[in-house]
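A structural walkthrough
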Amino acid sequence: MKSLDDEKVTRPAILMHLTSIAEKFSKIKNSDFLSQFDEEDVKGAIDTRNFIAHDYEGINLPIIEFIIRERLPILKDEIEKILK
């Protein structure tokens with residue numbers, strides 16, 4: 001993805017947003033609300049945040065691309081269902 005190739009602007013912005021998603025999940029204390037999300041997506045978001053925040057041996061951009069293409073649309077659908 002071209003956006004991930006831009007090391008100065010868009011890549012850091014994307015990584016910051018992924019970090020923010022995980023931090024929002026971490027702040028949710030209502031287990032009934034949290035259970036509406038796929039448990040693996042929540043865990044994956046938190047794990048991704050940890051790798052981004054601590055830069056464990058660099059960030060694997062193909063994994064970030066997979067998250068953007070495959071997992072974020074699912075998360076978006078789950079949020080839209082909750083909001084209805």
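Notes on the structure follow. Source: prediction; values computed, not measured. Within any chain, residue numbers begin from 1 and follow the written order of that chain's sequence. Only residues with pLDDT of at least 70 get local features here, since the model is predicted, and only at 80 or more are side-chain atom pairs given and counted; chain-wide, interface and lining totals rely on the full set of residues. The side-chain values count all of the structure's non-hydrogen atoms but skip hydrogen atoms and water molecules.

Attention now goes to the pattern of salt bridges. Definition used for salt bridges: Asp or Glu carboxyl oxygen within 4 Å of a side-chain nitrogen of Lys or Arg. Evaluation of the coordinates by the stated rule reveals 6 salt bridges. For Arg 71, the salt bridge is made with Asp 41, and the minimal N-O distance between the two is 2.7 Å. Taken together, the positions of Arg 71 in helix α5 (residues 61-83) and Asp 41 in helix α4 (residues 39-54) put the pair 30 residues apart, joining distant regions of the chain. Here Asp 47 makes a salt bridge to Lys 43, at a shortest N to O gap of 2.7 Å. You can see Asp 47 and its partner Lys 43 sitting in helix α4, 4 residues apart, about one turn around the helix. Only protein chains enter the calculation, and the probe is 1.4 Å; a residue is then buried if its accessible area is under 20% of its type maximum, exposed if over 50%, and partly exposed in between. The exposure class of Lys 43 is partly exposed, given its relative accessible area of 46%. In this text, helices come from DSSP runs of H or I with a minimum length of four residues, and strands from runs of E with a minimum of two, each type numbered from the N-terminal end.

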